[in-house]
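Given next are the chains, with one letter for each unit.
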Amino acid sequence: MPIKNKVVVITGASSGIGAATAKELAKQGAKVVLGARRTERLEQLLTEITTAGGQAVTQQTDVTDHKQVQALVDLAVEKFGRLDVIFNNAGLMPLSKLHLLKVDEWDRMIDVNIKGVLYGIAAALPIMRQQGSGQIIATDSVAGHFVHPNTAVYAGTKFAVRTIMEGLRQEEGKNNIRSMIVSPGAVETELYSTITDEKVRANTYNNERSYGLSDVDIANAVAYAIGQPENVNINEILLRPTKQPL
Ligand SMILES: NC(=O)c1ccc[n+]([C@@H]2O[C@H](COP(=O)([O-])OP(=O)(O)OC[C@H]3O[C@@H](n4cnc5c(N)ncnc54)[C@H](OP(=O)(O)O)[C@@H]3O)[C@@H](O)[C@H]2O)c1
């Protein structure tokens, strides 16, 4: 089913997976509505997409603020008349051991990775129910399935997202609303820069960058799910680099 003309809101669109997905979907004719905090990065992306003939709008959005997420979804409806897909992708991954008590980082991960997704659902669901169709996608992670030392809180947020999205699927499928998590293994993006524990950052990055996926690999997976016929609800795509052991 064509992606062309679908109206797609993406959070965390200023870099990495969000930006790559915006470009891929716009290339396939979607109208993309892009939110993140760094407006200069959003502006660059907008120029890139429109220069290539795509359609996009951007708005500064902090997903920890319910009203800002609502405003992003409202912008989609105002500019393009409907909302076909919301991709709740914004996230951060400041890994560390629990005993280091990086409580501010725990709060931040809960606010962005969990509450940000919930705010996206809250903004999109009433419109999609009224339309009688829609698709809600969240970026989860392999860490939504397995926990390791250093990942207790990050994995906790991603386990939560997986649970919330499965509940959403069970509740809203009958209303013709599709829902999916995309669960990547290692992807080479700026995400590693959110790790403030220097040793953990260096180890994680050096281990994973030798085999990591690219943001385009994840964009392709998301585009595949969006492009399926309406009666096909791809619920999860879990994709690792071939050489990733765990
Ligand atoms: N890279 C990986 O290996 C990997 C693996 C599994 C899952 N993931 C997940 O993939 C998602 C995207 O991450 P990425 O790898 O593409 O890393 P990234 O390049 O660092 O992208 C993260 C995005 O989230 C946005 N963001 C962070 N806090 C935000 C906030 N409060 N409000 C709005 N936007 C916010 C950032 O934009 P601003 O800073 O401009 O706001 C940025 O656009 C995350 O949910 C991450 O957990 C990544």
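Just so we're clear, the structure is a prediction, and the values are computed from it rather than from any experiment.

Definitions and cut-offs
Sequence order as written defines residue numbering, which begins from 1 separately in each chain. Only residues with pLDDT of at least 70 are given local features in this predicted model, and only at 80 or more are side-chain atom pairs given and counted; all residues enter the totals for whole chains, interfaces and linings. Values shown for side chains rest on all heavy atoms present in the structure; no hydrogens or waters enter the calculation. Two strands are counted as paired when DSSP detects at least two bridges linking them. Here a helix means four or more residues in a row that DSSP labels H or I, a strand means two or more in a row labelled E, and each is numbered from the N terminus. Interaxial angle, 0 to 180 degrees, is taken between N-to-C directions of lines fitted to C-alpha atoms, where a helix line uses only the stretch in contact. By definition, residues are in contact when any of their heavy atoms lie within 4.5 Å. UniProt positions are given in the numbering used here, feature names are shortened, and annotations may be inferred rather than shown by experiment. Relative accessibility thresholds used throughout: buried, under 20% of the residue-type maximum; exposed, over 50%; partly exposed, between the two (1.4 Å probe, protein chains only). Put simply, a nonpolar core is a bunch of buried Ala, Val, Leu, Ile, Met, Phe, Trp, Tyr and Cys residues held in one set by side-chain atoms that sit within 4.5 Å of each other. Ring pairs shown here join Phe, Tyr and Trp side chains whose ring centres sit within 6.5 Å, with only the six-membered ring taken for Trp; geometry is labelled stacked below 30 degrees between planes, edge-to-face above 60, and tilted in between. By definition here, charges over rings are those cases where NZ of Lys or CZ of Arg is within 6 Å of the ring centre and within 35 degrees of the ring normal. For each residue, the test is whether any non-hydrogen atom lies within 4 Å of the molecule or strand; if one does, the residue is near. Each polar contact in these results corresponds to two N or O atoms within 3.5 Å; when the atoms are within protein, one needs to be able to donate a hydrogen and the other to accept it, and residues that are neighboring in sequence are counted only if both atoms are side-chain atoms. The Shrake-Rupley method, run with a 1.4 Å probe sphere, supplies the accessible areas, and residue values consider only the shown protein chains as cover.

Novice: When you look at the sheet that holds strand E4 (residues 85-88) in this model, what are you seeing that I'm missing?
Specialist: Spatial strand order, E3-E2-E1-E4-E5-E6-E7: 7 strands in an open sheet with parallel pairing. Two strands in the sheet have a free side with no partner beyond their single neighbour: strand E3 (55-60) and strand E7 (236-239). Each adjacent strand pair in this sheet contributes to an overall mean axis angle of 15 degrees, direction not counted. Where strand E6 (residues 177-184) meets E7, 4 bridges bridge the pair, whose relative direction is parallel. Within the sheet, the bridge partner assigned to Pro184 lies in E7 and is Leu239. Against the sheet, helix H1 (residues 16-27) touches strand E1 (7-11), strand E2 (31-36), E4, strand E5 (134-139) and E6, its axis set at about 165 degrees to E1.

Novice: Whenever I open this one, the UniProt feature "domain: Ketoreductase" (unreviewed entry) in the protein chain confuses me. Can you help?
Specialist: Here, the residues flagged by UniProt with the feature "domain: Ketoreductase" (unreviewed entry) are residues 6-145. Between the end C-alpha atoms of residues 6-145 there is a gap of 31 Å, over a span that is 49% helix and 19% strand.

Novice: Just to check I follow, could you spell out the pairing of E5 for this structure?
Specialist: Regular strands place their side chains on alternate faces of the sheet. Summarising burial for E5: 6 of the 6 residues are buried, a large majority. Neither face of E5 is exposed, since Gly134, Ile136 and Ala138 on one face and Gln135, Ile137 and Thr139 on the opposite face are all buried. Examined bridge by bridge, E4 and E5 share 4 bridges and lie parallel to one another. Note that in E5 the partner of Phe87 across the bridge is Ile137.

Novice: Even after reading the chapter, I still don't get unusual backbone geometry, so can you show me in this structure?
Specialist: What you tend to see is this: most non-glycine residues have negative phi, and most peptide bonds are trans. Even without glycine at this site, Asn150 takes up a positive phi of about 85 degrees. Secondary-structure assignment places Asn150 in the loop between E5 and helix H5 (152-172). The phi angle at Asn176 is positive, at roughly 65 degrees, despite the residue not being glycine. By secondary structure assignment, the location of Asn176 is in the loop between H5 and E6. Since its relative accessible area comes to 28%, Asn176 is described here as partly exposed.

Novice: Help me out: how do you make sense of the nonpolar core in this one?
Specialist: By size, the foremost hydrophobic cluster in this structure holds 42 residues, and its most contacted members are Val33, Leu83, Ile136 and Met165. Here this core gets 10 residues from one element, more than from any other, and that element is helix H4 (residues 103-131). Non-local contacts of Val33, meaning those with residues more than four positions away in its chain, are made with Val7, Val8, Val9, Ile10, Val57, Leu72, Leu75, Ala76 and Phe80. The next biggest cluster of nonpolar side chains, apart from the first, holds 34 residues, and it includes Val8, Ala13, Leu45 and Ala225.

Novice: How should I be thinking about the packing of aromatic side chains in this particular structure?
Specialist: The geometry of an aromatic ring pair is captured by two quantities: the separation of the ring centres and the angle between the planes. Taken as a whole and judged by the stated rule, the model has 1 aromatic pair. Summarising the aromatic geometry, the rings of Tyr192 and Tyr205 are spaced 5.3 Å apart at their centres and angled 65 degrees between planes, so their arrangement reads as edge-to-face. Here Tyr205 lies in helix H6 (residues 198-209) and Tyr192 lies in the loop between E6 and H6, a separation of 13 residues in the sequence. The class of Tyr192 is buried, set by a relative accessible area of 7%. When the ring centre of Phe159 is taken as origin, the NZ or CZ atom of Arg162, which lies over that ring, is 5.4 Å away.

Novice: Please explain the site of the ligand as it appears in this structure.
Specialist: By nearness alone, 30 residues border the ligand, and Ser14, Ile17, Arg37, Tyr154 and Thr189 come closest of all. A distance of 2.7 Å is found between an oxygen atom of the ligand and a side-chain nitrogen or oxygen belonging to Tyr154. Within the side chain of Lys158, a nitrogen or oxygen atom sits 3.0 Å from an oxygen atom of the ligand. Starting from 870 Å² of accessible surface for the ligand in isolation, the protein chains cover 96%.

Novice: Could you clarify how one ought to interpret the environment of Val112 in this entry?
Specialist: Structurally, Val112 can be placed in helix H4. Setting aside chain neighbours within four positions, we find Val112 in contact with Val63, Thr64, Ala90, Gly91, Leu92 and Val117.

Novice: Please explain the environment of Gly156 as it appears in this structure.
Specialist: Tracing the sequence through the fold places Gly156 in helix H5. Residues Gly156 and Leu191 lie 35 residues apart in sequence; the distance between their C-alpha atoms is 17 Å.

Novice: Explain the side chain of Ser183 here, please?
Specialist: Of note, Ser183 is situated in strand E6. Engagement of the side chain of Ser183 in a polar contact is seen with the side chain of Glu236, the distance being 2.8 Å.

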